[in-house]
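This is what each chain is made of:
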Amino acid sequence: MGIQGLCDPGLLEVCRMERLYFILNPVAGTGRGAKYFPQLRTILEAKGVDFGFVRSEHPGHAVELTRQAVAAGEKRIIAVGGDGTVNEVASALYGTGAVMGILPLGTGNDLARTLGLPTDPLEALDVVLTGQVRPMDAGMANDCFFINAAGYGFDVDVLQRVEKYKKRLNGMLPYLLGIVEALFHLRRLRFTLKRPEGVMEATGFILVAGNGQYLGGGMNATPQADLFDGLLDVCLVKDMPAHKFLPAIVRFVKGAHLDLAEVDYFKVRELELSCPAGGPLDLDGELKSQPPVIFRALPGAIPVLLRG
């Protein structure tokens, strides 16, 4: 269902619910949130829903706004934007008991894809209004919170290039160009992984600790990840001849890479990563922290609104 006809209040049936508080990132999805939110407000007003909203003004602002909302007594906070906005809202909600809803109006929407949330604005609002609450896992990388995925290596190289292209291009094209350019500057990294089963050393291209299944705008890096199992899924793509890497990345994007001899895949509650090359981690699309890093699962960390 498209945005057409969005102002017809008969399209939604609102069950008994608490007040909603929306935190809108107006620049997410190249302005998609700002474009559609006024029409969503019309629906909410027509249905008599008790709600408030505020706009974030800069990176990190949604964290502050969420904390202020919780301190003011808000119990249901709705993140309106992409994965970065969801990360900021969720990180501030962790430990408060407040419920998070998601209107995935960003570009990548990787967490929403794993959750099966619709990207159509009206359908997404319907989930917020009529959905059921379920405690969802999150993760920590040292002292940095993440809700979807933590990556190191190739995906960081892609992300750094994507940011350059996003300044002048829209949609998924920046992600595709970022992947292509990163392939031409491929780095081999030396990983040391410590977990209860022992220590592993390997040369590889990328390591992902996934709470969700996707990162980087749709790369299905950890296809067996379950947001409700209390574990992180770890995927390590190890060294291989150059001619095999591009086909491997194609399979990696599609989630068809787990049977490759060069891929190690396992689930953990905690994992320590060291890499002498250094450099930042990709945490929900933002570059934060760096190895050595301890990844930890946070079971049931965030109550989230999902389809009933």
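In case you missed it, the structure is sitting above this.
So, here is what we can say about the structure in this document. (Residues numbered from 1 in each chain as written. Predicted model: local features only at pLDDT ≥ 70, side-chain atom pairs only at ≥ 80, totals over all residues. Heavy atoms only, no water.)

Quick look at the overall build of the chain now. Within the chain one finds 8 helices and 15 strands. Computed over C-alpha atoms, the radius of gyration of the chain comes to 19 Å, within 12% of the 19 Å expected from 2.2 N^0.38 for 308 residues, which places it in the range of a compact globule. Projected onto its principal axes, the C-alpha positions of the chain cover 60 × 40 × 30 Å. Here the chain, with 308 residues, has 53% of them falling under the buried criterion. Taking as baseline every contact in the chain between residues at least 6 positions apart, the subset at least 24 positions apart corresponds to 73%. Of the roughly 13,100 Å² of accessible surface on the chain, 51% is carried by carbon and sulfur atoms. If the 31 positive side-chain charges of the chain are averaged to one point and the 34 negative ones to another, these points end up 2 Å apart. (Helix = DSSP H or I, 4+ residues; strand = E, 2+ residues; numbered from the N terminus. Rg over C-alpha atoms; globule rule 2.2 N^0.38 Å. Buried < 20%, exposed > 50% of the residue type's maximum accessible area, 1.4 Å probe, protein only. Contact = heavy atoms within 4.5 Å. Areas by Shrake-Rupley, 256 points an atom, 1.4 Å probe, with all protein chains shown as cover. Lys, Arg positive; Asp, Glu negative; His and termini not counted. Charge placed at Lys NZ, Arg CZ, Asp CG, Glu CD.)

Between Pro 291 and the following residue, Pro 292, the backbone shows a cis peptide bond with an omega angle of 0 degrees. Relative to the helices and strands, Pro 292 resides in the loop between strand 14 (286-288) and strand 15 (293-306). The backbone of Asn 142 shows a phi angle near 55 degrees, a positive value even though the residue is not glycine. Structurally, Asn 142 can be placed in the loop between strand 5 (132-141) and strand 6 (144-146).

Next up on the list: the packing of helix 6 (residues 154-166) against helix 7 (residues 173-183). Viewed as axis vectors pointing N to C, helix 6 and helix 7 meet at an angle of 130 degrees, and their least axial separation amounts to 8 Å. On the basis of their axis angle, the class for helix 6 and helix 7 is oblique. The crossing of helix 6 and helix 7 is right-handed. Here Phe 154, Asp 157, Val 158, Arg 161, Val 162, Lys 164, Tyr 165 and Lys 166 of helix 6 come into contact with helix 7, specifically with Pro 174, Tyr 175, Leu 177, Gly 178, Ile 179, Glu 181, Ala 182 and Leu 183. (Axes fitted to C-alpha atoms, helices over the stretch in contact; angles between N-to-C directions. Parallel < 35°, antiparallel > 145°, perpendicular 65-115°, else oblique. Left-handed = near helix turned anticlockwise from the far one by under 90°.)

Right, let's get into the environment of Ala 92. Residue placement: Ala 92 occurs in helix 3 (residues 83-93). On the basis of relative accessibility, which here comes to 8%, the residue Ala 92 falls in the buried class. Expressed as a C-alpha distance, the spacing of Ala 92 and Ala 62, which sit 30 residues apart in the sequence, is 8.5 Å. Apart from the residues lying within four places of it in its own chain, the contact partners of Ala 92 are Val 63, Thr 66 and Arg 67.

Purely geometric stuff here, so don't read any function into it on its own.
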